[in-house]
Structures are given as C-alpha cells and as structure tokens.
Amino acid sequence: MAVPLIEYENLAKANAPFQAELEAAFRSVSQRGWFVLGQAVETFEEQFAHYCQAAHCVGVGSGLDALRIALEASQLRSGGEVIVAGNVFVACLLAIGQAGLRPRLVEPDPLTYNLDPDRVAEAIGPNTVALMPVHLYGKMCDMPRLLALAEKHGLWVVEDAAQAHGASLHGRRAGSWGHCAAFSFYPTKNLGALGDGGAVVTNSPTLAQRAKLLRNYGSGQKYHNQVLGYNSRLDELQAAFLTVKLAHLEPINQHKRQLAAIYQTDLGPQFVKPAAGEGYRDAFHIYPVRHPARDRLREHLRAHGVRTEIHYPVPPHRQPALQNLLGDLHLPLTDQLAATELSLPISYGHTPAEVARVVEAMNGFS
Ligand SMILES: Cc1ncc(COP(=O)(O)O)c(C=O)c1O
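Bear in mind the structure is a predicted one, so any value in this text is a computation, not a measurement. (Residues numbered from 1 in each chain as written. Predicted model: local features only at pLDDT ≥ 70, side-chain atom pairs only at ≥ 80, totals over all residues. Heavy atoms only, no water.)

## A closer look at the nonpolar core
Condition: Side-chain atoms within 4.5 Å link the members of a nonpolar core, which is a set of buried Ala, Val, Leu, Ile, Met, Phe, Trp, Tyr and Cys residues. Per-residue accessibility, obtained with a 1.4 Å probe over protein chains only, is compared with the maximum for each type, and a residue is labelled buried under 20%, exposed over 50%, and partly exposed between these values. What makes two residues a contact is simply this: any of their non-hydrogen atoms within 4.5 Å.
Within the largest apolar cluster, 94 residues are counted, with the highest numbers of intra-cluster contacts made by F44, F48, M132 and F185. Those residues in contact with M132, other than ones at most four positions away along the chain, are L67, L71, V82, I83, V84, C92, I96, L115, V158 and D160.

Next up, the structure:
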C-alpha cells in the first residue's frame, strides 16, 4: 500500500475546523452589504491591536503594503538607510525602496537567522534612519539590544512581524516593541485570511492616523485628499474571517509549538535546528533546519512522500530586480543559509503522527 503523502501545507485542511464560523462570517458581511472599511474592519483592528499588546491597528491590503505604509507614515528622511538582514523576504526590500529609502543589508545572526545587533552596530552611519527587525520564521529578533542601539543613535524601528503573530520575548509580543510594526495575513500565515491582507500596528495615534490616510487615497474625509495615498484597505470579508481566526490563534500557535517540540527532540544532531533562547516564545510559522546536502535531503524526503519548502532559495541581493537598489554585495553567510535551509511541514493541519513520520524519514537520510 502506498504511504500517504505529507504535504507541506494544505489550507483547506488547516481551515476545516473553522469552516462553519467562516461561512457565518461571510453571510453576515454579505447580508450587511457594506464591503470596504466598515464595522468588521474596526472590530478586527481593535481585537488585533489588543492581541499584539499595542494601542492601534490599521488594516491594509497586504503585508508588503503594511511595510510600505508603516515606513511612509514614519516620515523618515528621504533617501535614508534602513538596516535589515540580508536573508529576509524580498517584500522587505521592495517596501524600503517604494518608500523612498535605501536598504542597508547586513549578515544575519548565524544561530537565530535574525538581525544581528553586532552587525547593526558596525553598519550604523550618518545616513542611517531606521532598523527593520524581521522576526523570521516566527522567532523574535533580539529586541532589547536592537532598541538600545536605536535609542543611542536616534533611529526609528519598524518591526516586520509578518511571520510572527503571537511570538513573544520576555512575555512581550511581536509588534509591540518598535515604533510600528507590519503584519501579513497571507493565507499560509499563522493568522491567515482567505486572500490577501495586512496590518500596521503601533502605539502612536499620529502614526496610526497617517497610515489610515495612506491606505485610503490619502483621504480622511471623502473626496478631500491631504496626502498622496494608495488604495490598500483590508476588506470587510477578510476582516470578518480574520476575527474568526484570531479567536483560534493561540491554539494554532500551541499546535505548531507542539509539532516543533517533536522535531526539536527527535531530529538527529546532523541537522541544525532552530536555536532555543531564554525568554523566546516562537510562533513557528516555519520550522527551518539546515544541512549541507539540503537538495539531496529534499529529494530523499520527496521519495518518502514528504513535501518541503525553502525559505528562501534566492536571497534578495541575488535577485535581478533588486540590483539597482542593492548594488553588488558580498554576503557569504546569507548565501550559505539560502543553500542549506529546508522548511519542514508544521501546519495546523498536520498531526504529531505525521511529524513523527517526517522525523523518521529525516533521520534515515545519509
Ligand atoms: C517576512 C515577510 N515580510 C513581508 C511579507 C509580505 O507579506 P504579503 O505577502 O502579505 O505582501 C511576507 C509574506 O510573505 C513575509 O514573510
């Protein structure tokens, strides 16, 4: 008998437990007949700000837009440099460029894969205006050290929490540390919509107000435009779906932590596993391992019915589209991560028994 396939992700399966609630949310919005910027968005914004331990949330069209709008609402000096790790998702660089700023890439911390305060300290210069800690894979960056550096040098901090809904450090959640933060609700995220969505989270009422203008044509009052803005609004349907799923986010994160714990204890020492730091509570959006023969390992798993992903196979400084923005960079550690990282199945739809099967296939690799 053929062994059943273990997919990397199956969103229909992961969302199945919420199906009835999602359908009720759809009916409610559809029957109300109000689809853009209404009570569903307001309700979600209020609840998500509270969840993030922050004062304000502004729902926008995507995570990329959340980053760009957060940066623009921060009113940083045009052309100023934003320090960010070299191994992040391409959207971080796109947002910096779109906001009229310049990315300054540094090598990540080799253990956490996150923005390395030592490298940041070396990179800060007269043109630096901000730091962008990206909580990659659902692990928080070392925010106490990064905030201390930012304060010392008068820099702005924009968190990218797109992979870190509910992750925390010393009990304080992602999105509550910087001057502002960006979230993505792309369907695969721990808090995922049934389409695109994103949010800017902040404690600053002024920044939240600017983000609200920017998402809606730069207009606070209909047909009156104060600034040049965009059309990037979280819509009522996605907000209603997200409110349903927010109520389940803790069990979702808990499930992923339980699966991660199996990998953490049972995978052999030949694999580099995520670092476990004191006070860090990871959201495990992704469970990354590293192995020098990553591509062969991936094929071995495929042959054993296990599907995996790579986050990310081509780092931003090797993307042709970013050549003008970044120039030629030498980032050997970033290149090495791209060549050795493998993401194992860890979704709400996976069972501990399936993860045990992945472990068995992994440990059988030679
Ligand atoms: C770290 C990070 N930043 C930004 C984004 C962009 O989010 P979106 O896909 O919603 O535009 C993502 C999404 O994949 C991400 O993982």
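The rest of the description comes next.
## Quick look at the site of the ligand
Put simply, the test is: Near, as used in this document, describes a residue that has one of its heavy atoms within 4 Å of the molecule or strand being considered. Throughout this description, a polar contact denotes any pair of N or O atoms lying within 3.5 Å of each other; where both atoms belong to protein, one of them has to be capable of donating a hydrogen while the other can accept it, and for residues adjacent in sequence the pair is counted only when both atoms sit in side chains. Here the Shrake-Rupley method, with its probe set to 1.4 Å, supplies the accessible areas, and only the displayed protein chains count as covering residues. To qualify as a helix, a DSSP run of H or I must reach at least 4 residues; to qualify as a strand, a run of E must reach at least 2; elements of each kind are numbered from the N terminus. Under the convention adopted here, Pro, Cys and the residues Ala, Val, Leu, Ile, Met, Phe, Trp and Tyr are nonpolar, Asp, Glu, Lys and Arg are charged, and Gly plus all remaining residues are polar.
Lining the immediate environment of the ligand, one finds 14 residues, of which G63, D160, Q163, S184 and K189 sit closest. One of the side-chain N or O atoms of D160 is found 2.6 Å from a nitrogen atom in the ligand. Surface burial for the ligand is 89%, taken as the share of its 390 Å² of free accessible area covered by protein chains. The element contributing the most residues to the shell around the ligand is helix α4 (residues 63-73), with 3 residues. Residue composition of the shell around the ligand, grouped by class: 7 nonpolar, 5 polar and 2 charged.

## Re the domain arrangement of the chain
For the record, the criterion: Domain delimitation follows an automatic or database domain assignment. Accessible area, probed at 1.4 Å, shrinks when two parts are joined; the buried area is that loss added up over both. Here a salt bridge means any side-chain nitrogen of Lys or Arg lying within 4 Å of a carboxyl oxygen belonging to Asp or Glu.
Once the domains are mapped, the chain shows domain 1 (13-246) and domain 2 (248-363). When each unit is reduced to the centre of its C-alpha atoms, the spacing between domain 1 and domain 2 is 23 Å. With 47 residues of domain 1 in contact, the opposing surface of domain 2 contributes 40 residues. Across the domain 1 to domain 2 interface the summed buried area is about 3600 Å²; carbon plus sulfur atoms make up 60%. When residues of domain 1 are sorted by the area they lose upon contact with domain 2, Y113, Y137 and N190 head the list and together hold 21% of the total. On the surface where domain 1 and domain 2 come into contact, there are 3 salt bridges. Across the pair D282 and K139 runs a salt bridge whose closest N-O atoms are separated by 2.8 Å. Our count for the contact surface shared by domain 1 and domain 2 stands at 24 residue pairs in polar contact (both at pLDDT 80 or more).

## Considering the packing of aromatic side chains
Put simply, the rule is: By convention, a stacked pair of Phe, Tyr or Trp rings (six-membered ring in the case of Trp) has centres within 6.5 Å and planes under 30 degrees apart, an edge-to-face pair has planes over 60 apart, and any other such pair is tilted. In this analysis the charged atom, NZ for Lys or CZ for Arg, is taken to sit over a ring once it is within 6 Å of the ring centre and within 35 degrees of the ring normal.
In this structure the tally under the stated criterion is 10 aromatic pairs. Here a set of aromatic residues connected by ring pairs shows up, and it is made of F44, F48, Y51, F183 and F185. A cation over a ring is seen here: R68 above Y230, with NZ or CZ 3.9 Å from the ring centre. R172 extends its terminal NZ or CZ atom over the ring of W177, reaching a point 4.2 Å from the ring centre.

## Considering the sheet that holds strand β4 (residues 128-131)
Put simply, the test is: Should DSSP find at least two bridges between two strands, the strands are taken to pair. Every axis corresponds to a line fitted to the C-alpha atoms, with the helix fit spanning only the stretch in contact, and the corresponding angles, defined between N-to-C directions, vary from 0 to 180 degrees.
Read from one edge to the other, the open sheet built from 7 strands follows the order β1-β9-β8-β5-β4-β2-β3, with strand pairing classed as mixed. Edge positions in the sheet fall to β1 (56-60) and β3 (102-106), since each of these pairs with one other strand and no more. Along the sheet, successive strands turn relative to each other by an average axial angle of 25°, direction set aside. Pairing of β1 with strand β9 (residues 198-202), which is carried by 5 bridges, proceeds in the antiparallel orientation. Bridged to C57 within β9 is V201.

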